[in-house]
Amino acid sequence: MARLTLEEKAALCSGISNWETTPIKRLGIPAVMMTDGPHGLRKEVESAAVTNVFKDSVPATCFPPAVTLASSWDTDLLREVGNAIGAECLDQGVSTLLGPGINIKRSPLCGRNFEYFSEDPFLTGELAAAYIQGVQENGIGTSLKHYAVNSQEYRRLTISAEIDERALREIYLKAFEIAVKKSQPYTIMCSYNLINGVHASDNRKLLGDILRKEWEFEGIVVSDWGAVNDRVKGIVAGLDLEMPSSNGILDREIIQAVRSGRLDVKDLDETVKRILQFVFRCAATREKTAAYKADYEKNHLLARKAAASGAVLLKNEDGILPLPDGADLAVIGQLARKPRYQGSGSSRISPRRLVSFCDHMDAINARFSYAPGYTLQGDGYDKKYIDDAVALAGNKEYVLVFVGLTDEYESEGFDRTHLEMPRGHDELVRKLCEVSDRVVVVSNCGSPVLMPWLDEVGAVLNLYLGGEAGGEAAHDLLFGMINPSGKLAETFPLRLEDGLSSRYFGMGPRRIEYRESIFVGYRDYDTGKKGVLFPFGYGLSYTDFSYADLELSAAKINENETLTVTFELKNTGNHDGAEVAQIYIRDIDSTVFKADKELKGFQKIFLKKGETRTVTVDLNRDAFAFYNTKNSGWCVESGDFEILVGSSSRDIRLQATVRIDAAEKEIPDLRNIAPFYYDFQGADEVPLKQFEALIGRNMPPDILVKKGGIDFNSTIGDLGVTTFGKIFKWAVHRFSTIVLPRDAEEFEKIMVREGAMSLPLRSIFAMTDGAITYDATLGLLMAFNGRTCRGLYRFVKAMLARKPTGKTEIYGK
Ligand code: BGC
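Residues numbered from 1 in each chain as written. Predicted model: local features only at pLDDT ≥ 70, side-chain atom pairs only at ≥ 80, totals over all residues. Heavy atoms only, no water.

Section: the site of the ligand
At step 1: In the region of the ligand, 13 residues are neighbours, and Asp36, Arg112, His146, Tyr192 and Asp224 sit closest.
At step 2: At 2.9 Å, a side-chain N or O of Lys145 approaches an oxygen atom of the ligand.
At step 3: Within the side chain of Arg156, one N or O atom sits 3.1 Å away from an oxygen atom of the ligand.
At step 4: In the complex, the protein chains occlude 96% of the 310 Å² of accessible area that the ligand would expose alone. (Near = heavy atom within 4 Å. Polar contact = N/O pair within 3.5 Å; in protein donor to acceptor, adjacent residues only side chain to side chain. Areas by Shrake-Rupley, 256 points an atom, 1.4 Å probe, with all protein chains shown as cover.)

Dropping the structure here:
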């Protein structure tokens, strides 16, 4: 530290490239590499084309994405997958993997839900912790992201999530808290958005007070790519590393701030110390493992096992599945040949060996007839394809139809607007049901969909997105080599409007109100007593399980004692198989508003047919606590709590009551000012006044930017307030897709266009690696606010004055 100059310290605070930290060669400080994942490795090929998201990457094992892994509810599996990905990082010289993503699925509409685990924070946190431990056992870092409250894609770079303290703590931060405390990720990635008006990247409360002080996080905080708002405030708040490189533009702000006294050098030193610890920790692993070779064959088998574990059997009427060997089979739907096996965006892996269902059937010489059924473009509807499929299906004993969402329907960068599958897929299933009563649907979706044909089909196997071996896993499950054991980690609603959050999803331009507070997912559906298509925690098996003999270690405990819950689980069916037993807690009489039930424990248990096992789950104070806004801490309210043990959130098999004695007396009672939250059955709107009472402030009108009001946080999409802005906006929209290859698909174009429109002006210098300088951006800002000539003059002058030497030239490769 003593030998570093101020310039070098500042240089260490940002990357040198898209993926590497800055080396200081004269002192032997190396650069270390971080790359995307999280369900595999996306290490870009250096020579590949310009864009960030779509560059070719080095082939790696493509495991199923988070949505599928989560439905396994299997922490051992998550650890194993994490471990295998960590091993591939060693092989490819990557020091830190940019994942897992653990934002809460507030609404099924979030375009990036496939990359997140669940609507429940406890399940999310436990799974993420296991995954992180698995990766980090290799000496490879992880980046837990996106911290925090980043549950939508719409205007994700600039929107402010307005949220009450309980929802923040109990739902949106809880998973981070569990994962940080249990697994200490090397890094945490802060999100782009603002939380209650403060950017995540300079949010002292989130980064300093909660993450570092309360949770004792020891690693570094990395900005999401281009998320830095105020670099100096960020250092003080606890943001360590700016990524990617803005070619030193923001490093210079740090230097100036130290020189002018705005930033205490001690704060900078703390940041630099943490960055150095991170860099040397990663470098030590590289040194030890330079010649490491990963076992990709083994990892492919693990990907197959993971895909099978995460698939959820949603319907199986009259035991139509598993299919008999040699079944007379029609396989319909292009997704059987060209599976959708992962989501799109920064997490897209180049799989080493992609095996579709049809590939696998061919490889094992299984007989089947195939028809494409739909196209993979737009709504997929093609009458001729449907007619051909129907003609084929009519002659076969079983019809296996693969349907799902294509990338145009869900992706990073934009949200969904409805829950329907492409029309051509729905139509196809309906028509097939007219000619066959043995239709088995296999779905490939990254998030919940509606199933208007559900009553007419025999079975539905929800594969979600199966990763590179999803086709083999589908075969294993459909033919009964493996017994399905996945359970939904999210609710499938009957209608989009049923979710309280659906009315307040997206919003904008500047603000999004989390009006439903803690009532997310099943906490909303169960408390509001709403019907659902499939409940949280639901999933069928080829066998049956019985639950019996629930015992609590005591009928009455003190809040600091642990309650041990035991029960007998028996496999009463005819197949070996695994069950996910779930433990929920219901607070019977509470002064604060509470959800009908909350998941507080789960275990996945494999039982041979006829086998019985005693299951034991410990519940400690955390399981009964809520976040008390009166004294800013977690507390328990004395009273009776029901312990519910079941096979899903709506299939509770056993229950018992425990009395808890707790010290806390100061409990907020909002029954008079916000009664909605105590009883919202039948309601579909959250009164604004009551939300304001809950959050403790009024929501000013949310208006679009006006002429003169364009600032660094205005987006390109906001620029239409002056003529020059309009032209600029039009040009960006029109020409943004030139960064894509000629044969780019429609979803890639949508993603790039939407991405460009939601880009704030501060990203211009950050994302162009400083090619457009800070001063030049200031010129543009003047022009966008109506001073077109002066602004453009300043822009051109600044561009001409650009220094030829940037960060790479100084600290170099
Ligand atoms: C995404 C991150 C990702 C980063 C680097 C961002 O746009 O939000 O999840 O790790 O890009 O590709």
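As for a positive patch on the surface
At step 1: Taken together, the side chains of Arg787, Arg790, Arg794 and Lys797 define a basic patch exposed on the protein surface.
At step 2: Its place among the elements puts Arg794 in helix α23 (residues 788-800).
At step 3: A residue is classified by how much of its surface remains accessible, and Arg794, at 36% relative accessible area, is partly exposed. (Patch = residues over 30% accessible without salt bridge, like charges linked within 9 Å, V, L, I, M, F, W, Y side chains within 5 Å. Salt bridge = Lys/Arg side-chain N within 4 Å of Asp/Glu carboxyl O. Lys, Arg positive; Asp, Glu negative; His and termini not counted. Charge placed at Lys NZ, Arg CZ, Asp CG, Glu CD. Helix = DSSP H or I, 4+ residues; strand = E, 2+ residues; numbered from the N terminus. Buried < 20%, exposed > 50% of the residue type's maximum accessible area, 1.4 Å probe, protein only.)

Some remarks on the sheet that holds strand β20 (residues 563-571)
At step 1: Within the open sheet, the 3 strands sit side by side as β18-β20-β23. Their pairing is antiparallel. In the strand order of this sheet, the two ends are held by β18 (545-552) and β23 (612-619), each with one partner. Each strand axis lies, on average, 25 degrees off the axis of its neighbour in the sheet, ignoring direction.
At step 2: Where β20 meets β23, 8 bridges bridge the pair, whose relative direction is antiparallel. Paired with Thr566 across the bridge in β23 is Thr616. (Pairing = 2+ DSSP bridges. Axes fitted to C-alpha atoms, helices over the stretch in contact; angles between N-to-C directions.)

Focus on the pattern of salt bridges
At step 1: Within this structure, the stated rule accounts for 69 salt bridges.
At step 2: With its nearest N and O atoms 3.4 Å apart, the salt bridge here joins Glu165 to Arg169. Here Glu165 pairs with Arg169, and both are found in helix α5 (residues 165-172), just 4 residues apart, close to one helical turn.
At step 3: For Glu165, a relative accessible area of 21% puts it in the partly exposed group.
At step 4: Of the charged contacts, one joins Asp328 and Lys396 as a salt bridge, the two residues approaching to 3.4 Å between their closest N and O atoms. Of this pair, Asp328 sits in the loop between β9 (312-316) and β10 (329-332) while Lys396 sits in the loop between α13 (383-394) and β12 (398-404), and the two are 68 residues apart along the sequence.
At step 5: Residue classification places Asp328 among the partly exposed residues on the basis of a relative accessible area of 30%.
At step 6: For Lys396, a relative accessible area of 22% corresponds to the partly exposed category.
At step 7: One continuous salt-bridge network, built from bridges that share partners, spans Asp36, Arg42, Glu44, Arg112, Glu115, Lys145, Glu153, Arg156 and Glu412.

Things to note about the sheet that holds strand β6 (residues 194-195)
At step 1: Taken in spatial order, the 4 strands line up as β7-β6-β4-β16 in an open sheet, and their pairing is mixed. Each edge of the open sheet carries a strand with a single partner, namely β7 (198-199) and β16 (511-513).
At step 2: Where β6 meets β7, 2 bridges bridge the pair, whose relative direction is antiparallel. Directly across from Ile195, in β7, lies its bridge partner Val198.

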